[in-house]
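Working through the structure, step by step
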Amino acid sequence: DMYREFGRDQAYSVCESAYSYAVKLDDGLRCLMLNNNFRDIDSMHDASPTYSPECFRWIRETVEQARSEGAYVFACTHHPLVPPVPAYKIGGTPRNMRSSYVCHTLADIGLELVFSGHTHFSNVAFGSSDFGNVICNVTTPSICFLPPEYRIAELDAGEKRLTLTTVPVQKTSEMDFEEPTVREHLINEFISDQREKLISKPYGEKLLSLRVKHLYPLCRKAAGLNQAEYQSICEKPIFDIIMDAAVNMQTGDGRYTPDTPICRFMLALCDVLDSVVRVQPFYPIEKKLLGYSLRQIVEPMMYKNDVPDNDCSFVFNVMPDKKYDPPVYPSHAGEIVIAVLSAAAAMLSPLAPIASALAIPALTVLKRKKTKNNPYSPERY
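Residues numbered from 1 in each chain as written. Predicted model: local features only at pLDDT ≥ 70, side-chain atom pairs only at ≥ 80, totals over all residues. Heavy atoms only, no water.

1. Here we look at the nonpolar core
Here is the rule: Among buried residues, those of type Ala, Val, Leu, Ile, Met, Phe, Trp, Tyr and Cys that are joined through side-chain atoms within 4.5 Å constitute a nonpolar core. The buried label applies to any residue whose accessible area, calculated with a 1.4 Å probe on protein chains only, is under 20% of its type's maximum; exposed applies above 50%, and partly exposed to all values in between. Strands here mean DSSP runs of E at least two residues long; helices mean DSSP runs of H or I at least four residues long; both are numbered from the N terminus. By definition in these notes, contact holds between two residues if any of their heavy atoms fall within 4.5 Å.
Membership of the largest hydrophobic core comes to 30 residues, with the highest contact counts inside it found for Val212, Tyr216, Ile241, Ile262, Phe265, Met266 and Met302. Among the secondary structure elements, those contributing two or more residues to this core are helix 7 (212-223), helix 8 (227-233), helix 9 (238-251), helix 10 (261-279) and helix 12 (294-302). Looking at this core element by element, the count peaks at nine residues for helix 10. Other than its neighbours up to four places away in sequence, isoleucine 241 contacts Val212, Lys236, Ile262, Phe265 and Met266. Counting residues in hydrophobic clusters, the runner-up holds 26 residues, among them Ala18, Val82, Val102 and Ile109.

2. Section: the sheet that holds strand 9 (residues 161-168)
To summarise the sheet geometry, strands pair through backbone hydrogen bonds and adopt either a parallel or an antiparallel arrangement. Stated precisely, the cut-off is as follows: By the convention used here, strands pair only if DSSP detects at least 2 bridges between them. For helices, the fitted line uses only the C-alpha atoms of the stretch in contact; every axis is such a line through C-alpha atoms, and the angle between N-to-C directions lies from 0 to 180 degrees.
Taking strand neighbours across the sheet as the criterion, the three strands line up as 8-9-10 in an open arrangement whose pairing is antiparallel. Each edge of the open sheet is held by one strand with a lone partner, namely strand 8 (149-156) and strand 10 (312-315). Adjacent strand axes in the sheet meet at a mean angle of 20 degrees, parallel and antiparallel pairs treated alike.

3. A closer look at the packing of aromatic side chains
The relation between two aromatic rings is expressed through the spacing of the ring centres and the mutual angle of the planes. Cut-off, in case you're wondering: Note on ring pairs: Phe, Tyr and Trp rings are taken, using the six-membered ring of Trp, and paired if centres are within 6.5 Å. Classes follow the plane angle, with under 30 degrees stacked, over 60 edge-to-face and the rest tilted. By definition here, charges over rings are those cases where NZ of Lys or CZ of Arg is within 6 Å of the ring centre and within 35 degrees of the ring normal.
Scanning the entire structure with this criterion turns up nine aromatic pairs. Pairing tyrosine 216 with phenylalanine 265 gives two aromatic rings, centres 6.4 Å apart and planes at 40 degrees, and the pair type is tilted. Pair noted here: tyrosine 216 is in helix 7 and phenylalanine 265 is in helix 10, with a separation of 49 residues, a long-range link. Take tyrosine 216 and phenylalanine 265: they sit in the same class, and that class is buried. Here the guanidinium or amino end of lysine 24 rests over the ring plane of tyrosine 12, the centre of that ring lying 5.4 Å away.

4. Section: the side chain of glutamine 250
Residue placement: glutamine 250 occurs in helix 9. Contact partners of glutamine 250, with chain neighbours within four places excluded, come to His120, Phe121, Ser122, Phe145, Leu146, Pro147 and Phe190.

5. Considering the pairing of strand 5 (residues 113-116)
Of the two faces of strand 5, the one lined by Leu113 and Phe115 and the one lined by Val114 and Ser116 are each fully buried. Two elements, strand 4 (residues 72-77) and strand 5, share three bridges in a ladder whose sense is parallel. By the bridge assignment, threonine 77 is partnered in strand 5 with serine 116. Strand direction decides the pairing type here: strand 5 and strand 7 (residues 134-139), joined by four bridges, are parallel. Along strand 7, the bridge assignment pairs leucine 113 with cysteine 136.

Read these as layout, nothing more, since geometry by itself doesn't imply function.
Pasting the structure below:
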């Protein structure tokens with residue numbers, strides 16, 4: 001009842017149980033307002049925690065009816081159907097984040113374009129079903145959160161083309177802060193909050209003092225920076241790089257492309273750490289990361305590799321081409337770590353000859369078994 005004046009009263013079709021409805025924007029365009037923010041968990045089913053079977057049937061019937069009338073249909077949801085970045089999915093609740101099934105189902109029903117909120121990110125992401133049907137998810141920022149923006153979207157249904165213009169919120173005389181723009185103010189506020197949280201934790205001060213030069217020896221060969229490139233970033237705090245990546249994630253269009261020293265350093269460091277994670281056979285770190293590697297988590301927070309997130313024009317029913325060939329950093333650090341630890345354990349053992357003979361083969365078997373039986377793999381969107 002609260003929101004009837006904002007669209008529900010103009011609906012030509014309603015799914016009462018799902019609080020969802022369809023609106024005719026003009027003779028050739030329909031908009032589905034899909035509520036995936038259910039609180040009645042009992043009405044859901046395992047495969048789709050945010051849409052009921054009845055709602056799926058209504059969506060299919062509404063799309064088919066619009067097609068028969070020669071109209072194009074797009075949708076709006078609260079939660080994204082395609083996570084903007086893996087870090088968002090890892091940090092979300094399972095009920096809201098298990099969106100792969102919904103994404104593929106709606107793509108196969110015939111929806112190709114979805115606008116979503118919830119994250120407040122500026123992001124354009126794509127998903128593809130098992131049948132090759134592509135769906136584009138445009139997440140929309142908020143005027144009172146980082147980034148403080150709104151979008152103007154121009155839709156050409158015939159050419160399947162979407163043109164996005166991002167408009168920043170302007171600072172007014174009533175806004176009492178020093179920064180010249182609302183965006184800069186919210187970025188500084190976000191970073192300041194994260195710094196205070198880190199300082200309050202044990203070893204927080206030491207982590208804040210960590211610089212690139214302290215970690216670069218771990219990945220010197222992989223990153224392959226020349227002296228000038230290294231000198232340009234060696235004193236940069238690791239905290240600042242992480243904050244830059246977090247801001248990139250929210251505002252879109254990250255600025256650290258694969259040719260920049262910081263990106264090369266961060267991706268090389270991730271590859272080295274991933275090589276250690278992959279070979280250890282005992283603690284399932286992959287479970288906590290939902291099957292993603294550190295490289296897969298960090299890379300999309302550094303730069304955007306296909307359609308820009310903000311001012312752009314693109315065909316939305318085709319998977320976009322990648323703009324960059326990401327660098328590959330082979331690392332054998334994991335094998336080296338395991339070998340050193342095994343050798344140390346063997347030397348300390350009273351059964352040193354037997355231990356040294358069995359340690360490496362045993363760990364190799366464990367590693368192969370873990371790889372073969374590993375149930376943790378990222379959902380494909």
